[in-house]
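Single-letter residue listing:
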Amino acid sequence: MIEAIIFDFGDVFIDLNKKAIDTEFRKLGLTAWHDDLDALNKQYEIGKIDELEFMQGFQKHLPNVDLVDIRTAWNSILGDFPLNRLEFLEKIASKYRLFLLSNTDSTHIEKFEHKVGQTFARDFYSCFEKVYFSYEIGLRKPDENAFKYVINNHNLNPKKTLFIDDKKENTDVAAQLGLQVWNLQPGVDDVTQMFDKKILF
């Protein structure tokens, strides 16, 4: 029986890369996601570059597209993703203890909130008993120490704790510690279907 769920945010909640290709950026002519766009996105998230530099990075792959159109496309992606995620979290938060291990991806929520004037970020975080940002526990990605930190600080039973992530190396570590795991690779049906999994309800 599951009593608690630990999420690593990332693509479990939104696969920005896939959405960028499947939606507005495809209309602008971006037919493939490039590694340098990942690096660009991370720099933007942690504040190393500003919005103009971020958009100009995209423009290298879309040389004939105006920066205003690139910004509109990016904002439309951010404005899309929270719609059914919050409802899902609120529903399972009434049944399980929820914890979040988050890297810089969480800033997407805050950017969305500021852009459209909604309060998704506050409502999103309120679903969790505790949100751990990696820098708080000195880690970039979940590892054995991160899981032990969460488990020990909240008296969790590993056998009754589910860890959900999209990276095999993280779920492998969690499984070795006795946690139940769902390894949801981005881009596969399970990432979407997770929000309908009967086991959680």
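Counting restarts for each chain, with residues numbered from 1 along the sequence as it is written. A pLDDT threshold of at least 70 governs which residues receive local features in this predicted model, and a stricter bar of 80 or more applies before side-chain atom pairs are shown or counted, although totals over entire chains, interfaces and linings include all residues. As a convention, hydrogens and water are excluded, and side-chain values are obtained from all of the structure's heavy atoms.

## Let's talk about the sheet that holds strand S2 (residues 97-102)
The pairing criterion for strands is at least two bridges between them, as found by DSSP. Every helix listed is a DSSP run of H or I at least four residues long, and every strand listed is a run of E at least two residues long, numbered separately from the N terminus. Taken together, five strands build an open sheet; the order of strands is S3-S2-S1-S4-S5 and the sheet is parallel. Edge strands, defined here as strands with exactly one partner in the open sheet, are strand S3 (130-133) and strand S5 (180-183). Strand-to-strand twist of the sheet, defined as the mean angle between neighbouring strand axes without regard to direction, takes the value 15 degrees. Sheet topology note: the strand S4 (residues 161-165)/S5 ladder contains four bridges and is parallel. Across the sheet, the residue bridging to Phe 163 is Val 181, located in S5. It only takes one pair of heavy atoms within 4.5 Å for two residues to be counted as in contact. Simply put, an axis is a line fit to the C-alpha atoms, just over the touching stretch for a helix, and the angle between two N-to-C directions goes from 0 to 180 degrees. Strands in contact with helix H11 (residues 168-176) are strand S1 (4-8), S4 and S5; relative to S5, the strand with the most contacts, it is inclined by about 170 degrees.

## Comments concerning the environment of Leu 98
Structurally, the position occupied by Leu 98 is in strand S2. A 1.4 Å probe rolled over the protein chains alone gives each residue an accessible area, and that area as a share of the maximum for its type sets the label: buried under 20%, exposed over 50%, partly exposed in between. Classification of Leu 98 as buried rests on a relative accessible area of 1%. Expressed as a C-alpha distance, the spacing of Leu 98 and Ile 6, which sit 92 residues apart in the sequence, is 6.0 Å. Apart from residues lying up to four places away in sequence, Leu 98 is in contact with Ile 5, Phe 7, Leu 89, Ile 92, Ala 93, Cys 127, Phe 128, Glu 129 and Lys 130.

## Digging into the nonpolar core
As used in this record, nonpolar core signifies buried Ala, Val, Leu, Ile, Met, Phe, Trp, Tyr and Cys residues forming a set joined through side-chain atoms within 4.5 Å. Core analysis: the biggest nonpolar cluster contains 20 residues, and Ile 5, Phe 7, Leu 89, Ile 92, Leu 98 and Phe 128 have the highest contact counts within it. At the level of elements, S1, helix H7 (85-93), S2, helix H9 (120-126), S3 and S4 are the ones that each hand at least two residues to this core. Top contributing element to this core by residue count: H7, with four residues.

## Side note on H11
Looking only at H11, the buried set comprises Asn 170, Thr 171 and Ala 174. The buried residues of H11 occupy an angular sector of 95 degrees when projected down its axis, which confines them to one face. Facing away from the buried surface of H11 by more than 90 degrees, the exposed residues are Glu 169 and Gln 176. Residues of H11 that are buried sit in contact with S1, helix H10 (144-153), S4 and S5. Two residues or fewer past H11, Gly 178 is found with a positive phi of approximately 95 degrees. In this description, one arc is meant: the one made by directions from the helix axis to the C-beta atoms.

## Focus on the pattern of salt bridges
Take a side-chain nitrogen of Lys or Arg and a carboxyl oxygen of Asp or Glu: if they are within 4 Å of each other, that pair is a salt bridge. Counted under the stated rule, the structure contains six salt bridges. We note a salt bridge from Glu 51 to Arg 71, for which the minimum N-O separation is 2.8 Å. With Glu 51 in helix H5 (residues 51-59) and Arg 71 in helix H6 (residues 67-80), the pair connects residues that are 20 residues apart, well separated along the chain. Relative accessible area serves as the criterion here: at 21%, Glu 51 is assigned to the partly exposed category.

## Let's talk about the confidence of the model for the protein chain
In this model, the protein chain carries a mean pLDDT of 76, and residues with pLDDT of at least 70 account for 64%. You can read pLDDT as the predictor saying how much it trusts each residue, on a scale of 0 to 100. Looking over the protein chain, one finds the lowest element-wise mean pLDDT in helix H12 (residues 189-193), namely 51, and the highest in H5, namely 90.

## Considering the side chain of His 154
Along the chain, His 154 turns up in the loop between H10 and S4. According to the relative accessible area criterion, His 154 is buried, its value standing at 15%. Excluding residues within four positions of it along the chain, His 154 makes contact with Arg 97, Phe 99, Glu 129, Lys 130 and Tyr 132.

## Quick word on H10
For H10, the set of buried residues is Ala 146, Phe 147, Val 150 and Ile 151. Down the axis of H10, the buried side of the element spans an arc of 125 degrees, and every buried residue falls inside it. Exposed positions of H10 whose direction lies more than 90 degrees from the buried face are Asn 145 and Asn 152. Contacts made by the buried residues of H10 are with S1, S2, S3, S4 and H11.

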